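Structural features, examined
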Protein chains: 2
Amino acid sequence: MLNYYLGIDMGGTQIKIAVVTETAKIIEETVLDTDVTAKPITVIKNIVNKLNSLKYYSKIKNIGVGIAGDIDSVKGIVRFSPNLPKWKNIYLKKELERLTKRKVFIDNDANTSAIGAFWLDLKGKATNMVCVALGTGVGGGIIINKKLYRGATGTAGEIGHITVESNGNKCNCGNNGCIETYIGVKHLVKSATELMKKHKSNIILKLVNNDKNKITPKILSEACAKNDFVAKQVWKQAGEKLGILLTTILNFMNPDHIVICGGISKANKLFFETAYKEIDKRAFKTAAKSCKIVISKYTSKLGVAGSAMLVKN
Amino acid sequence: MLNYYLGIDMGGTQIKIAVVTETAKIIEETVLDTDVTAKPITVIKNIVNKLNSLKYYSKIKNIGVGIAGDIDSVKGIVRFSPNLPKWKNIYLKKELERLTKRKVFIDNDANTSAIGAFWLDLKGKATNMVCVALGTGVGGGIIINKKLYRGATGTAGEIGHITVESNGNKCNCGNNGCIETYIGVKHLVKSATELMKKHKSNIILKLVNNDKNKITPKILSEACAKNDFVAKQVWKQAGEKLGILLTTILNFMNPDHIVICGGISKANKLFFETAYKEIDKRAFKTAAKSCKIVISKYTSKLGVAGSAMLVKN
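Residues numbered from 1 in each chain as written. Chains lettered and ligands numbered in written order. Predicted model: local features only at pLDDT ≥ 70, side-chain atom pairs only at ≥ 80, totals over all residues. Heavy atoms only, no water.

Following the criterion strictly, the structure yields 22 salt bridges over all chains and no others. Residue A:Arg79 is joined to A:Asp72 by a salt bridge in which the shortest nitrogen-to-oxygen separation is 3.3 Å. We classify A:Asp72 as buried; its relative accessible area is 10%. A salt bridge links B:Arg282 to B:Glu278, with the nearest nitrogen and oxygen atoms 2.7 Å apart. Highlighted residues: B:Arg282 and B:Glu278, both in helix 9 (residues 269-282), separated by four residues, approximately one helical turn. (Salt bridge = Lys/Arg side-chain N within 4 Å of Asp/Glu carboxyl O. Buried < 20%, exposed > 50% of the residue type's maximum accessible area, 1.4 Å probe, protein only. Helix = DSSP H or I, 4+ residues; strand = E, 2+ residues; numbered from the N terminus.)

The next point concerns the side chain of A:Ser296. All names here are of chain A. The topology assignment puts Ser296 in the loop between strand 13 (292-295) and helix 11 (299-308). Using a relative accessible area of 1% as the deciding quantity, one classes Ser296 as buried. A polar contact is formed between the side chain of Ser296 and the side chain of Asp121, at a distance of 2.6 Å. Not counting residues within four places of it along the chain, the set of residues in contact with Ser296 comprises Asp121, Val259, Ile260, Cys261, Lys266 and Leu302. (Polar contact = N/O pair within 3.5 Å; in protein donor to acceptor, adjacent residues only side chain to side chain. Contact = heavy atoms within 4.5 Å.)

With an RMSD of 0.0 Å, the operation that places chain A on chain B is a rotation of 180° combined with a shift of 0.0 Å along the axis. The superposition operator between the copies reduces to a two-fold rotation axis. The overlap is high: 100% of the interface residues of chain A also sit at the interface in chain B, so the same surface is used on both sides. (Least-squares fit on C-alpha atoms with pLDDT ≥ 70 in both.)

Moving on to the interface of chain A and chain B. With 43 residues of chain A at the interface, the matching set in chain B holds 43 residues. If you look at where chain A meets chain B, you find zero salt bridges. Counting across the interface, chain A meets chain B through 30 residue pairs in polar contact (both at pLDDT 80 or more). Mapped onto the side of chain A that touches chain B, the elements with two or more residues apiece are strand 10 (138-144), helix 8 (229-253), helix 9 (269-282) and helix 10 (285-289) of chain A. Tallied by class, residues from the side of chain A that touches chain B come to 17 nonpolar, 19 polar and seven charged. (Nonpolar A, V, L, I, M, F, W, Y, C, P; charged D, E, K, R; others polar.)

Moving on, we come to the packing of aromatic side chains. Following the criterion strictly, the structure yields 11 aromatic pairs over all chains and no others. Here the aromatic rings of B:Tyr4 and B:Tyr56 are separated by 5.0 Å at their centres, their planes lie at 55°, and the arrangement is tilted. Separated by 52 residues along the polypeptide, B:Tyr4 in strand 1 (residues 4-10) and B:Tyr56 in the loop between helix 1 (40-52) and strand 4 (60-67) bring together distant segments of the chain. Taken as a pair, B:Tyr4 and B:Tyr56 share a single burial class, namely buried. Arranged with centres 5.3 Å apart and planes meeting at 85°, the rings of B:Phe118 and B:Trp119 form a pair that is edge-to-face. The pair B:Phe118 / B:Trp119 is uniform in exposure class, with both members buried. Taken together, the ring pairs connect A:Trp235, A:Phe271, A:Phe272 and A:Tyr276 into an aromatic cluster. Sitting over the face of the ring of A:Phe105, A:Lys93 holds its NZ or CZ atom 5.5 Å from the ring centroid. (Phe/Tyr/Trp six-rings, centres within 6.5 Å; stacked < 30°, edge-to-face > 60°. Lys NZ or Arg CZ within 6 Å of the ring centre and 35° of its normal.)

Okay, the environment of B:Ile71 next. Residue and element names in this part refer to chain B. For Ile71, the position within the fold is in strand 5 (residues 70-72). The class of Ile71 is buried, set by a relative accessible area of 8%. Remark: the alpha-carbon pair of Ile71 and Asp107, spanning 36 residues in sequence, is separated by 6.0 Å. For Ile71, the residues in contact, after removing those within four places along its chain, are Ile77, Val78, Arg79, Ile106, Asp107 and Asn108.

A contiguous patch of positive charge on the surface is contributed by A:Lys123, A:Lys125, A:Lys292 and A:Lys297. With a relative accessible area of 69%, A:Lys125 lands in the exposed category. (Patch = residues over 30% accessible without salt bridge, like charges linked within 9 Å, V, L, I, M, F, W, Y side chains within 5 Å. Areas by Shrake-Rupley, 256 points an atom, 1.4 Å probe, with all protein chains shown as cover. Lys, Arg positive; Asp, Glu negative; His and termini not counted. Charge placed at Lys NZ, Arg CZ, Asp CG, Glu CD.)

Read these as geometric descriptors, not functional statements.
Below you can see the structure in the form of structure tokens.
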């Protein structure tokens with residue numbers, strides 16, 4: 001008999017729910033708007049109602065939940081979640097097990113995305129993989145010997161906080177020069193507005209109707225496609241830093257696969273071409289040659305599919 | 001019945017041989033001078049002769065060998081070893097198995113040292129450990145779930161080639177800004193001579209009889225103990241960079257232990273105190289708090305003891 005797994009990806013705007021097969025193929029899915037003002041127990045009850053409406057629900061024995069923030073995956077507690085300000089020290093595993101009579105696993109969304117990438121992008125055919133999530137922040141997850149590697153306290157894979165400049169940009173985490181401060185969304189936008197003080201960019205200004213506050217990575221990608229000097233500079237500089245990060249991952253971890261996912265992972269060719277050139281210049285040849293770097297095709301599904309597969313970890 | 005394991009640490013000047021218990025305790029040891037001019041097969045035969053003279057040799061079923069360089073641990077080939085210029089594509093495993101009638105395992109010395117640190121310094125009581133070897137170069141090894149982690153092609157743990165400055169010092173590996181170019185022996189010495197152009201250091205000059213070519217990390221440690229300005233600067237700057245490296249390891253790997261070994265791991269207090277201050281400033285609090293950083297007490301024995309334990313990996 002086939003096994004089915006259920007995943008829940010709790011985002012700040014949407015809660016995604018999916019039933020997957022043993023190889024993480026999604027066979028049923030639904031969504032729920034996230035009510036960030038509601039009490040956590042109300043949100044949990046709404047989720048359970050939604051689960052009961054699923055066609056495959058009766059076949060489900062295990063549930064996995066991915067959620068941003070400081071998650072105690074052993075005790076099943078959401079200590080803190082930036083997207084859900086009311087969720088502080090919530091016994092999510094216990095509550096959900098009580099209400100569903102199923103076994104529940106929880107973990108942070110960077111880890112569930114890494115598991116998702118392992119199954120959806122690599123079809124489970126990797127041994128040692130690092131997932132790099134590029135978005136507002138830079139996150140990640142590590143798969144070693146086909147299993148999620150959590151480290152001593154579950155914080156392994158904080159890729160965004162690898163230092164690439166000793167005395168570089170100040171980071172929210174307290175450190176200086178974290179990679180996140182060079183390729184995170186905020187920095188890309190800031191870097192564009194700074195450059196625009198020196199170089200007028202009619203292309204960007206037209207795309208944002210002269211409102212610099214409207215600059216986003218998407219706008220910068222559009223401008224780049226139109227050969228805009230500032231946009232090209234921004235992506236080139238970010239690409240160089242991404243290449244340095246990937247070099248550190250290659251030299252240190254020698255993974256067989258790196259999967260890049262997240263909001264800006266489809267940014268544009270220049271960004272990745274520049275990164276790959278840096279790897280050619282910088283990384284150990286054997287480490288670079290033996291690693292396949294993949295841009296995820298499933299970014300929006302990784303969290304929910306990976307959550308479902310938590311039971312296998 | 002107790003099991004005994006035999007390790008061989010092939011260095012450029014000495015070949016260390018030891019018999020260890022199941023917990024890597026050394027119970028018999030001997031050394032052999034390394035004849036770098038001899039043919040590899042001659043060196044191998046000399047080793048076998050030495051093995052035959054060991055009291056415990058009859059109890060040995062497995063032999064492990066650690067050797068610097070590019071080692072294919074799967075096929076058992078020494079592709080290249082910087083300390084042994086005549087060793088190119090040598091089937092060390094096959095030859096040694098033929099001559100000893102024992103099963104032989106080989107790996108590079110950074111990996112065997114990591115295994116040694118896991119057993120000797122941590123008594124096997126760690127789960128996820130990173131070993132940082134500070135010497136002429138900066139090397140390392142990674143233990144995950146109590147086993148050596150080799151990565152896709154056996155080059156995992158190249159800690160010396162983690163980038164800490166995007167456009168930093170040129171490294172032999174081709175990259176810029178590798179940590180090795182800031183805390184390797186060469187850089188420490190260079191950094192001292194550079195500083196001495198601006199700041200006269202009578203203490204260092206006295207220690208080297210006015211011959212700046214005689215400056216070594218040991219001299220710099222002695223001068224530092226005598227409160228010499230230049231020496232203190234050198235160790236402080238190196239300590240800052242070491243702290244940045246350890247922060248990256250903590251944030252990325254969240255290990256329960258880091259063991260620091262190698263020639264300059266006993267350098268001096270200022271070096272490590274500065275590094276620990278950087279960690280306090282820079283690293284994720286949970287990652288830093290949950291990791292015990294240990295300075296190895298067994299630097300000279302790690303390679304040989306770890307080689308003996310290769311059979312368990």
